[in-house]
Amino acid sequence: MKFKSLSIFLIISSFFLTCILSIWKIMSTLQGLSFTNLNITPVFSICILLSLSFVLIGKKINHLIKIFSLSFLFSILYFYLNEASPYWYILGVFLISLFFTNKLKKYSMESFKEDFISEKIIFDFITLFGIVFFAFVILFPFYIMLVTSFKTQIALLVNPLDFSLDFTKSLTELFKSYFVIFETYNFGRYILISSAVSVGTVIVTLLFAIPAAYAVARLNFFGKNFLSTSILIIYMFPAIVLVIPLYTVFSQLGLRNSIFGLLIVYTATTLPVAIYMLQGYFKSIPKEIEDAGIMDGQNWFGIILKIIIPLSLPAIASVALYVFMIAWNEFLFSLMFLDSPKSFTLSRAIQYLSGDAETPRQYLMAGSVIVTLPVLFIFVYFEKYLVSGLTSGSVKG
Amino acid sequence: MSDTLSKLEKRTAYTLVLPAVLLVFAIVLFPIFANVWISFKDIELKDIRIPEPRAKKIVKSISENQSELKIIYKLRNSSLIQEIRNVQFQDKFPKDISPINLDSRCNFQSKKVICNFGNWEAKYRENFEITIKNINGETINKKSIKSQKPILSGKADNPLLSTSFTLENFKKVFYENNFVELLLTTFYFTFFGTVGAIIFGILAAQLVNQNIQGRTYMRGILLFPYVGPVVALAYTWTLLLDPNSGTLNALLVNFNIIEKPINLLGQKYITMSILGFEFKLRLALTTVIFFEIWRYFPLAFLFILARLQAIPHSLYEAADVDGASPIQKFIHITLPQITAIISILFMIRFIWNFNKFEDIFLLTGGASGTRTLPINVYQQGFAVSDIGMGSAVSIVIVMLLLTFMVIYFRLIGKRANEV
């Protein structure tokens, strides 16, 4: 039993360490180091050696001394087994093994006697592995996007693996793609248009949604249930089936290529979600507060303006942020309705850029960074509001 | 008293709701019905402009004598396919100017030339000339003549409103459009995209729900692909997967995992052999599905995480007392608690994946076996310019969606309230 747990522990922990080291190696390759072999088998064997010596030493020596000395020995072994590598790379290996051995702290020969220890070991390392895996898979494309925008097309064609940044260059040289897309491709204008459309959509949507949500949440009227179920159904309907009729009608009315037309469409498509999210919150406000307002002689308008809105500012903020993100990220309608570069939104402009095969990719990525940064910034900064909004509104995507 | 109050309440409610309802009706519901109308019409992209009469005015001197000028109007029908009936023309001139030898279709009164050109067939063109002179023999200001634009009007049918209908579009959708393949691709994409997103969502939620450091950061990072703009993300992936100089292929070749680069987004099939069995994998479709999973598992993750965090700890403590293993705990406690949210997520994501357009459009444009129904709407409507056909495909989508929704409300509708 003890032997089975031990071998499971050795295999899975070494597997985990090998994976992390491989990721480290891949990332270093992208910094221009010319590794050509992941050396899985030798690395795996020294990882087993590390784990084994860790549990064999047990608590005989101080934990800190133990992890430092073990990691040091491990790094030296790794250094000799591996291709020639610079010191910062080995330092990384040292830090990784330090982190790894620290994680092993709770395991010793005694602990392998516990109930279900093999399952616990597997769960433990799968968790660790999962976190590294998910973080890597998610952040890697964002990393590539950012770094590519600082490189040049030629450098990338010569060595597609070298993403190292040359900080000896001047800042203007480094940020050249950004200057170019602002000067040559007019991105300043597109940022303005995108912001105007998004902010406009937020304002108009709130103007329409707050009264409607209030009525749905509070007032009794014929067709109320029908309305609240149709809100849900409508927002399951896809933009793609609306596109052809809207395109034809907008062409005939001359609303294509106009920011106003885009604004109407965005507002209408975000309204159902906004109403749905807001009415849920309005229902949670105690009715007595409004009754007090009625006593004071307020009409419905006054109640909404002076009682409901101040009380539900967090919910309104989360709806506003959410609608802003939808409008900012929207692509299909801007593709359909805008064909003149004068009225492009950011998303449409980037798509237009990519349509020309000659456009160097760093410009494309610089544009992508510009369109991505604001949403990520808003998201990270207001995460709390947004996450509650997302889960309550069960959101479209 | 209470009766008037409830009437007042009703009236207020309608005033509050009406603006939103009208807007949604005009932009969301009306197009869905308009699709039905358009789908029975033989109509193309170029037909949707209402034809109008146009004129370009050119002013020329005839001789040294600047008191006489020749004006040429280049008249044309803007439409290549439709006639315009009863075209009226009107142009204004400064005082003291009168036309000489005016065309018989026109007459001159109170400083205006008014013409009745009758009907113009499609592609109609004419160079129409008027010679004018100043009755006092003074020099005519060319610029003021040129700046005055002629006004034209005429009657033309709006091809959208005509009442000729045809079943041709639906025939084409079902018989000439590889309909079965289209449907199958759509279902592969939708089904695997949904299931994959949910599986990864459960895994991620299970991870983050554990007591690890930096849990909130992890939750934030996991949501990045979902909140990022699709254009930026899709192009980053295209760049990453590019066969010639993409990072992924370069890495795989560099570490000798593959011999030569694979065109992950441009190759329809790849032959794989596992355990001696050879089978063909839809490569580009699989890649697109992975992008879809990558982008939408965060949503599943978020919902499942919210549910996981609501499970009372006492349940797990009781299980610990009973000596349950981690796997038993997952199967007997966690899983039953999240089945409801998973079934809802499955339906919602299924419907939305079914409608997904941008992701596929940006990654492959619908090439190499990734043509789904929404992509087909775009291709028919705007690439082939057959609006009627595009609408017919839209109708197919709407019909399928309605079917899903009926199933959804039958199966899970009641349960949705419990979550």
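A. Region of the structure containing the domain arrangement of chain B. On domain assignment, one finds that chain B holds domain 1 (2-39), domain 2 (53-155) and domain 3 (171-416). The straight-line distance from the C-alpha centre of domain 1 of chain B to that of domain 2 of chain B is 49 Å.

B. The confidence of the model for chain A, seen in detail. Mean pLDDT for chain A: 84, with 97% of residues reaching 70 or above. In the model of chain A, helix 19 (residues 383-393) of chain A stands out as the element of lowest mean pLDDT, 69, in contrast to helix 9 (residues 187-218) of chain A, which has the highest, 91.

C. Just the pattern of salt bridges, in detail. All names here are of chain B. Tallying each qualifying case throughout the model produces 9 salt bridges over all chains. Of the charged contacts, one joins K57 and D91 as a salt bridge, the two residues approaching to 3.0 Å between their closest N and O atoms. With K57 in strand 1 (residues 53-61) and D91 in strand 3 (residues 84-92), the pair connects residues that are 34 residues apart, well separated along the chain. With a relative accessible area of 9%, K57 lands in the buried category. The partner of K172 in a salt bridge is D386, and the shortest N-O contact between them spans 3.0 Å. Pair noted here: K172 is in helix 3 (residues 168-175) and D386 is in the loop between helix 13 (373-383) and helix 14 (387-411), with a separation of 214 residues, a long-range link.

D. Quick peek at the sheet that holds strand 7 (residues 125-134) of chain B. All names here are of chain B. Strand order across the open sheet formed by 4 strands is 1-2-7-4, with antiparallel pairing between neighbours. At either end of the open sheet lies a strand with only one pairing partner, and these are strand 1 and strand 4 (97-100). The sheet shows a mean angle of 30° between the axes of neighbouring strands, direction not considered. Relative to strand 7, strand 2 (residues 68-77) runs antiparallel, the two being bridged by 9 bridges. When the sheet's bridge partners are listed, L69 is paired in strand 7 with I132.

E. Spatial organisation of the pairing of strand 5 (residues 106-109) of chain B. Residues and elements named next belong to chain B. When strand 5 meets strand 6 (residues 112-120), the two strands line up antiparallel, connected through 4 bridges. By the bridge assignment for strand 6, N107 is matched with I114. Between the antiparallel neighbours strand 5 and strand 6 lie 2 residues, among them S110 with a positive phi of about 35°.

F. Structural context of the packing of aromatic side chains. All names here are of chain B. What the rule picks out here adds up to 62 aromatic pairs over all chains. When the centroid spacing of 5.2 Å and the interplanar angle of 50° are considered together, the rings of W237 and W294 count as tilted. Highlighted residues: W237 in helix 7 (residues 230-241) and W294 in helix 9 (residues 283-309), separated in sequence by 57 residues. Using a relative accessible area of 11% as the deciding quantity, one classes W237 as buried. On the accessibility criterion, W294 (4% relative accessible area) is buried. Put simply, the rings of F187, Y188, F191, F192, F346, F350, F354 and F404 touch in pairs and so form one group of aromatic residues. Its end group placed over the ring of Y296, R349 keeps NZ or CZ at 4.3 Å from the ring centre.

G. Examining the environment of I344 of chain B more closely. The residue I344 of chain B is located in helix 11 (residues 326-354) in this model. Distance from I344 of chain B to E68 of chain B, taken between C-alpha atoms, is 80 Å for residues 276 residues apart in sequence.

Conventions used here
- Residues numbered from 1 in each chain as written.
- Chains lettered and ligands numbered in written order.
- Predicted model: local features only at pLDDT ≥ 70, side-chain atom pairs only at ≥ 80, totals over all residues.
- Heavy atoms only, no water.
- Domains from an automatic or database assignment.
- pLDDT = per-residue confidence, 0-100.
- Helix = DSSP H or I, 4+ residues; strand = E, 2+ residues; numbered from the N terminus.
- Salt bridge = Lys/Arg side-chain N within 4 Å of Asp/Glu carboxyl O.
- Buried < 20%, exposed > 50% of the residue type's maximum accessible area, 1.4 Å probe, protein only.
- Pairing = 2+ DSSP bridges.
- Axes fitted to C-alpha atoms, helices over the stretch in contact; angles between N-to-C directions.
- Phe/Tyr/Trp six-rings, centres within 6.5 Å; stacked < 30°, edge-to-face > 60°.
- Lys NZ or Arg CZ within 6 Å of the ring centre and 35° of its normal.

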